[in-house]
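Chain and residue survey
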Amino acid sequence: SLAIQAIETISRVNHFTGSVQANYTPIDDLLLRGVIGYDGFLNREDQTFPQNLNYTGVGIIDGARYIVNGNREAFNVDLSAAYSYDLMENLHAMSTLGMQGYQRSTKTVYWGKTEYPSSLITNVGAGLTFDSGDETYIQMREAGVFFQQDFSYEGTYYFSAGLRNDYASSVGEEAPSIFYPRFSAAARLDQLDLLPESFNLFKLRAAYGESGILPGGADRPPVPAVVL
């Protein structure tokens, strides 16, 4: 129990998340919107097994020191244009076209050494035996475009339809893109004199949509078994 209590584990984390958004109306009823975001995560993990205690049960002789440095970054961009117009009296419409892009990267470096000459020296370079070490780098990109059409009639009836097309680099350059449709319809019953006057908003809505999760960087298609 003394040896277990003496294991020292230190974690240092720096995390920053931020975004910038800009809206621009070059002409009446046309809204251009742009968002750029960033998420950064830096962490360092240190673990020390003192040299003067017994850890031979887990294969550690004369202490050990392990260090892991990790860096994760994510960028996103969201651009869209929405135009509002009237098709006829009391029939209002809005068309929205946009795109979203994401880039995520992960960098990791770790190493460990054992057999330290003294419990007073814990610098990782002082270990006499190299135990493990490596570095990894992963980068993933995802992108999607979407279109949405909205209608409203007399401020009472509403209809919306949209389509999204996504692509992920982890699927492969030859992989087909993926489509997600959506539809919705609604009616404000409080505007139809069907409810008591005490109801100032009562909306009946039905919707259908499809969504999914694109494969990640470590995902792989199933490999058929080979029988020899």
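Below: a short report on this structure. (Residues numbered from 1 in each chain as written. Predicted model: local features only at pLDDT ≥ 70, side-chain atom pairs only at ≥ 80, totals over all residues. Heavy atoms only, no water.)

**A closer look at a nonpolar patch on the surface**
Taken together, the side chains of Phe159, Phe183 and Tyr208 present a nonpolar region at the surface, about 320 Å² in accessible area. Residue placement: Phe183 occurs in strand β7 (residues 178-188). Overall, the relative accessible area of 41% leaves Phe183 in the partly exposed class. (Patch = residues over 30% accessible without salt bridge, like charges linked within 9 Å, V, L, I, M, F, W, Y side chains within 5 Å. Areas by Shrake-Rupley, 256 points an atom, 1.4 Å probe, with all protein chains shown as cover. Salt bridge = Lys/Arg side-chain N within 4 Å of Asp/Glu carboxyl O. Helix = DSSP H or I, 4+ residues; strand = E, 2+ residues; numbered from the N terminus. Buried < 20%, exposed > 50% of the residue type's maximum accessible area, 1.4 Å probe, protein only.)

**Some words on the packing of aromatic side chains**
This structure, assessed with the given rule, holds 6 aromatic pairs. Their ring planes at 35° and their centres at 6.4 Å tell us that Phe16 and Tyr38 sit as a pair that is tilted. Placement of Phe16 in strand β1 (residues 8-24) and of Tyr38 in strand β2 (residues 30-49) is noted, with a sequence separation of 22 residues between them. Exposure remark for Phe16: the relative accessible area of 53% places this residue in the exposed category. Centroid distance Phe49 to Tyr66: 6.1 Å. Interplanar angle 85°. Geometry classified as edge-to-face. Of this pair, Phe49 sits in strand β2 while Tyr66 sits in strand β3 (residues 64-88), and the two are 17 residues apart along the sequence. Accessibility assignment for this pair places Phe49 and Tyr66 in one class, buried. Aromatic rings pair up to connect Phe16, Tyr38 and Phe75 into one cluster. Here Lys203 stacks its cationic end above the ring of Tyr158, 4.9 Å away from the centre of that ring. (Phe/Tyr/Trp six-rings, centres within 6.5 Å; stacked < 30°, edge-to-face > 60°. Lys NZ or Arg CZ within 6 Å of the ring centre and 35° of its normal.)

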